[in-house]
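Single-letter residue listing:
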Amino acid sequence: MRIDRVELRQIQLPYVAPFETSGWRELGSFAVIVRVDAEGVTGWGESPVGGAPFYNEENHNTVWTIAQDFLAPMLLDADIEQPDDVARVLQRVRGNRMAKFGLESAVWDLFGRMQGRSLASMLGGVRDRVDVGVSVGIQKDIDTLLKVVGAYLDNGYQRIKLKIKPGWDIEPTRAVRATWPHIKLQVDANSIYHLSDAEHLARLDEFGLLLIEQPLEHDDIFDHAKLRPMLRTPLCLDESIISPDHARWAIEMEACAIINIKPSRIGGLGDARRVHDLAQAAGVAVWHGGMLETGIGRAACVAMASLPNFTLPGDISANDRYFKRDIVQNPFTLNPDSTLTVPTAPGNGAVVDEEFLEEVTVAKVVMRNA
Ligand code: OSB
Ligand code: MG
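Throughout what follows, the structure given in this document is the object of discussion. (Residues numbered from 1 in each chain as written. Chains lettered and ligands numbered in written order. Predicted model: local features only at pLDDT ≥ 70, side-chain atom pairs only at ≥ 80, totals over all residues. Heavy atoms only, no water.)

Glancing now at the nonpolar core. Counting residues in hydrophobic clusters, the biggest one holds 123 residues, and the most contacted among them are Ile3, Val6 and Ile259. For this core, the two domains that each supply at least three residues are domain 1 (5-116 + 353-368) and domain 2 (121-341). With residues near it in sequence (within four places) discarded, Val6 still touches Val34, Arg35, Val36, Ala72, Leu75, Leu76, Leu103, Val365, Val366 and Met367. Counting six residues, the second-largest nonpolar core is a separate cluster that includes Cys236, Ile258, Ala285 and Trp287. (Core = buried A, V, L, I, M, F, W, Y, C linked by side-chain atoms within 4.5 Å. Buried < 20%, exposed > 50% of the residue type's maximum accessible area, 1.4 Å probe, protein only. Domains from an automatic or database assignment. Contact = heavy atoms within 4.5 Å.)

Right, dumping it as structure tokens:
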């Protein structure tokens, strides 16, 4: 099958509140939205990339350039018989995984809509609801943090993740734990510490955390393997796991007990599923991370998280935690048991609000097969 048309859009969509990590602060989504058309059917995908290359090496402008100059032409040139063909077709382009993911996930959606199958069922999902929590950014002080966390708990979220950095780690975590002794709590450092901080990080052990996420360098596996036995808190990798091979290396090196899966970071739903399967075979738990996706990317995350080895709550909050108005007509809402319901409609199930999408589009390009 030939893809007839690829449309790329840069959007700007403000968050309900700024999101701050150990390394950056963003005020809104800079996602690149991908639309693919073939045989009269439309598929949607999202590269949930940031405005600055502070999480990984990509930003909205690199996705825009690489998708337009290389990935979209390669996709339009190829014969695609199944979604898994896309990764192979785009393989010559090194890295740029968020850019690849936008196209790859759009093709999964396209095939699902053509075949009348939900993305969850195509991927091998086994759940009709997925457990979710909230990732809470760095706040201006501990009082504010307690208010923000309290509000999310009141909304019904049963798991809280705190972003940490030097100077905002032990005390905020202690305060949240002291206020809510029994909630599921975890922390994410986004690569800000070094192996020499091991003793400091071990001070988090007393708070009964589910996990500590990516304390060390974004491209490191080796030092994480050294750090892991120095902590009682289970170690989880995010930034470092960018492919099935990286997952295998981390597992063989015993660098982590848990893997955060983000299909966008790994460059495709197909490879994300491979990471899931490798981890499951090795007895390593996985959970679904988030990149503050719009409703398009979010729908794919929820489908992915319905696979069997996603045994910890995901960073996939309801759409209203991120946006006042999203670019879909069917946002997820939080169920009372801190879950989101897995879509059963064909493809990713997102119903795109094309009028609002047009409003928030700041650049658009269309490429076609002759
Ligand atoms: O490290 O998990 C991360 C957001 C953007 C980039 C990296 C991360 C995050 C989050 C937010 O923690 C998760 C979400 O709610 O989407
Ligand atoms: Mg993370």
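Here we take up the packing of helix α3 (residues 97-115) against helix α11 (residues 269-282). Packed helices, taken two at a time, are described by their axes: the angle between them and the distance between them. Packing of α3 against α11 brings their axes to within 9 Å, and their N-to-C directions diverge by 90°. The angle between α3 and α11 falls in the class roughly perpendicular. For the pair α3 and α11, the contacting residues are Phe101, Glu104, Ser105 and Trp108 in the first and Leu269, Gly270 and Arg273 in the second. Looking at the contact of α3 with α11 residue by residue, the classes come out as three nonpolar, two polar and two charged. (Axes fitted to C-alpha atoms, helices over the stretch in contact; angles between N-to-C directions. Helix = DSSP H or I, 4+ residues; strand = E, 2+ residues; numbered from the N terminus. Parallel < 35°, antiparallel > 145°, perpendicular 65-115°, else oblique. Nonpolar A, V, L, I, M, F, W, Y, C, P; charged D, E, K, R; others polar.)

Moving on to the site of ligand 1. Close to ligand 1 lie 16 residues, the nearest being Ser135, Lys163, Asn190, Leu292 and Tyr322. Ser135 places a polar side-chain atom, nitrogen or oxygen, 2.9 Å from an oxygen atom of ligand 1. In the environment of ligand 1, an oxygen atom lies 3.0 Å from a nitrogen or oxygen atom belonging to the side chain of Lys161. Relative to its free-state accessible area of 390 Å², ligand 1 is covered by the protein chains to the extent of 98%. Taken together, the residues of the shell around ligand 1 break down into six nonpolar, three polar and seven charged. Both domains that meet at the shell around ligand 1, namely domain 1 (5-116 + 353-368) and domain 2 (121-341), each give it at least three residues. (Near = heavy atom within 4 Å. Polar contact = N/O pair within 3.5 Å; in protein donor to acceptor, adjacent residues only side chain to side chain. Areas by Shrake-Rupley, 256 points an atom, 1.4 Å probe, with all protein chains shown as cover.)

Summarising burial for strand β4 (residues 32-38): seven of the seven residues are buried, a large majority. The two faces of β4 match: Val32, Val34, Val36 and Ala38 on one face and Ile33, Arg35 and Asp37 on the other face are all buried. Direction of pairing for strand β1 (residues 5-11) relative to β4: antiparallel, over a ladder of six bridges. Considered in β4, the bridge of Val6 is made with Val36. With seven bridges joining them, β4 and strand β5 (residues 41-47) adopt antiparallel strand pairing. For Ile33, the partnering residue across the bridge sits in β5 and is Glu46. Between β4 and β5, which follow one another and run antiparallel, lie two residues, and Glu39 among them has a positive phi close to 50°. (Pairing = 2+ DSSP bridges.)

For the rest of this paragraph, the subject is a nonpolar patch on the surface. On the surface, Phe222, Trp249 and Met253 cluster together to form a nonpolar patch covering roughly 300 Å² of accessible area. Along the polypeptide, Phe222 turns up in helix α8 (residues 222-227). (Patch = residues over 30% accessible without salt bridge, like charges linked within 9 Å, V, L, I, M, F, W, Y side chains within 5 Å. Salt bridge = Lys/Arg side-chain N within 4 Å of Asp/Glu carboxyl O.)

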